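Inside the fold
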Amino acid sequence: MERGIRFQPTMELDASLSWLALTMTQGIAARLAARLLEEFGSPDEVFRAPLPHLERCNLPAAVAQAVHKKQAFKRAEKELATIRGIENLRLVNWSDPEYPRTLREIYDPPTLLYVRGNVEVLSQHCVSIVGTRRPTLYGTQMAERLGRELAARGVTVVSGMARGIDAISHQGAMAVNGRAVGVLGTGVNVCYPKENKKLYEKVLQRGAIISEFPLGTHPSPENFPIRNRIVAGMPVGVVVVEGAQYSGSLITARLAMEFGREVFAVPGNVTQPVSFAPNQLIRQGAKLVTNGEDVIEDLPTPVRAALVRAEAPDAEQRNLLAAACLNSSEKKVYELLSTDQPVHIDDIVERSGLNSSEVLATLFDLEMKGIVRQLPGKQFAKVLL
């Protein structure tokens, strides 16, 4: 069996050369690669096949010639040379035991995955959280809460590492030292968007960054729908927090349904365009969820049995505990805030009866306690505990 690689000797790197060359041959996408592997048994045998045999597989003439002449091997050799210089990177092909079993079950699984970080997280139980790049405060709070609660129970949180809901769900997972997998539409050595650089590094420490695209691949619109089938196919379930009518999150959820995965949705305000995707999915049979436990209780029994037990108090208890630890000024300000509607500092000053200096100092203390967040425009809101 071919083996994945991680900073290994040249001989073992070269064992992946034919897998890499197959994926880098122009005109061979995942489904065609699968057909060739089914016909010939291994990439080595694909490249050893006579040209007439390749042509009988209904390959386009140019593709058959490219395979027969091994045109991608020079490019693959350069790729392997680059891999040697990147820390903690390995290739995992679909015959490797580390390749996610759930992903292998979809109709067009990636032939080869670049995995940077801890490859073991790929075989652990995971749930994807997806949504809009421009979330509301409510969506932000829910994505962070779900990421935190699922990760605290031992679920690996998967997302496409995009700005917005994807990144926020991973931040929630990182806040409780949970595990995460970021699935990129770029090469694993390209952080996109750039503002996620710190998050990218945290996910590498606590999980893995994966991609099927060659190193150095930069963001391109056509790559992200391709990426989304991994986000939909690798987990046991997909949670949609917010998404518009024609959003990628809605497409990902529909792919998950096709793959036989559980689909969950956080209900949204019907007057908000970003609520269309989750509300539509709920109408179509997705499970309505408001917290991590709602997701966990609907997962397959073997998955639930393998998770960490829930010992934390529920949301209402946490809010009461938080309020009980506040002094009189903090309680006064805290009670003026909500989780779904930010309040401007001028309104807090006016309604609290405190002067502006006292309000600023109190808000700072509440932020340090992790129960209030500041938003752009000097607005504040409760953190959804």
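Because the structure is a prediction, the values reported are computed rather than measured.

Scored by pLDDT, the protein chain comes out at a mean of 89, with 92% of its residues at no less than 70. Note that residues 1-13 has pLDDT below 50 and, in this model, 40 contacts with residues that lie over four places away or in other chains.

The next point concerns the sheet that holds strand β4 (residues 156-159). The mixed open sheet is built from nine strands, whose spatial order is β1-β2-β6-β5-β4-β3-β7-β8-β9. The open sheet has two free edges, formed respectively by β1 (89-93) and β9 (287-288), since each of these has just one partner strand. Here strand β8 (residues 262-265) pairs with β9 via two bridges, running parallel. Residue pairing across strands places A265 opposite L288, the latter belonging to β9. Here helix α11 (residues 197-206) sits on the sheet in contact with β2 (112-117), β5 (180-183) and β6 (208-211), set at roughly 105° to β6.

A separate point is the environment of T102. Mapped onto the secondary structure, T102 falls in helix α8 (residues 101-104). By relative accessible area, T102 is classed as buried at 14%. Sequence separation between T102 and F224 is 122 residues; the distance between their C-alpha atoms is 20 Å.

In this chain, Y192 is followed by P193 through a cis amide linkage whose omega measures -5°. Looking at the secondary structure, you find P193 in the loop between β5 and α11. Even without being glycine, K70 reaches a positive phi, approximately 55°. Note that K70 resides in the loop between α6 (61-68) and α7 (73-83). Even without being glycine, N88 reaches a positive phi, approximately 60°. In this structure, N88 sits in the loop between α7 and β1. Residue classification places N88 among the partly exposed residues on the basis of a relative accessible area of 22%.

Along the polypeptide, T362 turns up in helix α20 (residues 356-368). A polar atom in the side chain of T362 sits 2.7 Å from the backbone oxygen of E358. Apart from residues lying up to four places away in sequence, T362 is in contact with S329, E330 and V333.

Turning our attention to helix α18 (residues 328-335). Of all the residues in α18, the buried ones are E330, V333 and Y334. The buried residues of α18 occupy an angular sector of 100° when the element is viewed end-on, so they sit on one face. Along α18, exposed side chains directed more than 90 degrees from the buried face belong to S328 and E335. N-capping of α18 is provided by N327, with a side-chain oxygen placed 3.1 Å from the backbone N of S329.

Before going further, it helps to spend a moment on the pattern of salt bridges. Tallied over the entire structure, the rule returns 13 salt bridges. The salt bridge partner of D108 is R229, with a shortest N-O separation of 3.4 Å. With D108 in the loop between α8 and β2 and R229 in helix α12 (residues 223-233), this residue pair connects regions lying 121 residues apart in the sequence. R145 is the partner of E149 in a salt bridge, and the nearest nitrogen-oxygen pair spans 3.1 Å. A residue pair is termed a helical-turn pair when its members lie 3 or 4 positions apart in one helix, as E149 and R145 do in helix α9 (residues 137-152) at four residues. A relative accessible area of 10% means that R145 is categorised as buried. Overlapping salt bridges bring together R101, E105 and R261 as one network.

Further remarks concern the sheet that holds strand β12 (residues 379-382). Spatial ordering of the open sheet is given by β10-β12-β11, a layout of three strands whose pairing is antiparallel. The open sheet has two edge strands, β10 (343-344) and β11 (372-375), and neither has a second partner. In terms of strand pairing, β10 meets β12 through two bridges, oriented antiparallel. Pairing of V343 across the sheet is with F380, part of β12.

Now for the pairing of β6. Burial of β6 is two-sided: the residues A208 and I210 facing one way and the residues I209 and S211 facing the other way are all buried. As paired elements, β2 and β6 share four bridges and run antiparallel to each other. Paired with G117 across the strands is A208, a residue of β6. Both β5 and β6 contribute to a ladder of three bridges, which runs parallel. Residue pairing in the sheet places G182 in a bridge with I209 of β6. This β-α-β element, β5 to α11 to β6, shows right-handed connectivity.

Conventions adopted
Residues numbered from 1 in each chain as written. Predicted model: local features only at pLDDT ≥ 70, side-chain atom pairs only at ≥ 80, totals over all residues. Heavy atoms only, no water. pLDDT = per-residue confidence, 0-100. Contact = heavy atoms within 4.5 Å. Pairing = 2+ DSSP bridges. Helix = DSSP H or I, 4+ residues; strand = E, 2+ residues; numbered from the N terminus. Axes fitted to C-alpha atoms, helices over the stretch in contact; angles between N-to-C directions. Buried < 20%, exposed > 50% of the residue type's maximum accessible area, 1.4 Å probe, protein only. Polar contact = N/O pair within 3.5 Å; in protein donor to acceptor, adjacent residues only side chain to side chain. Arc of directions from axis to C-beta. Salt bridge = Lys/Arg side-chain N within 4 Å of Asp/Glu carboxyl O. Right-handed = clockwise from strand over helix to strand, strands pointing away.

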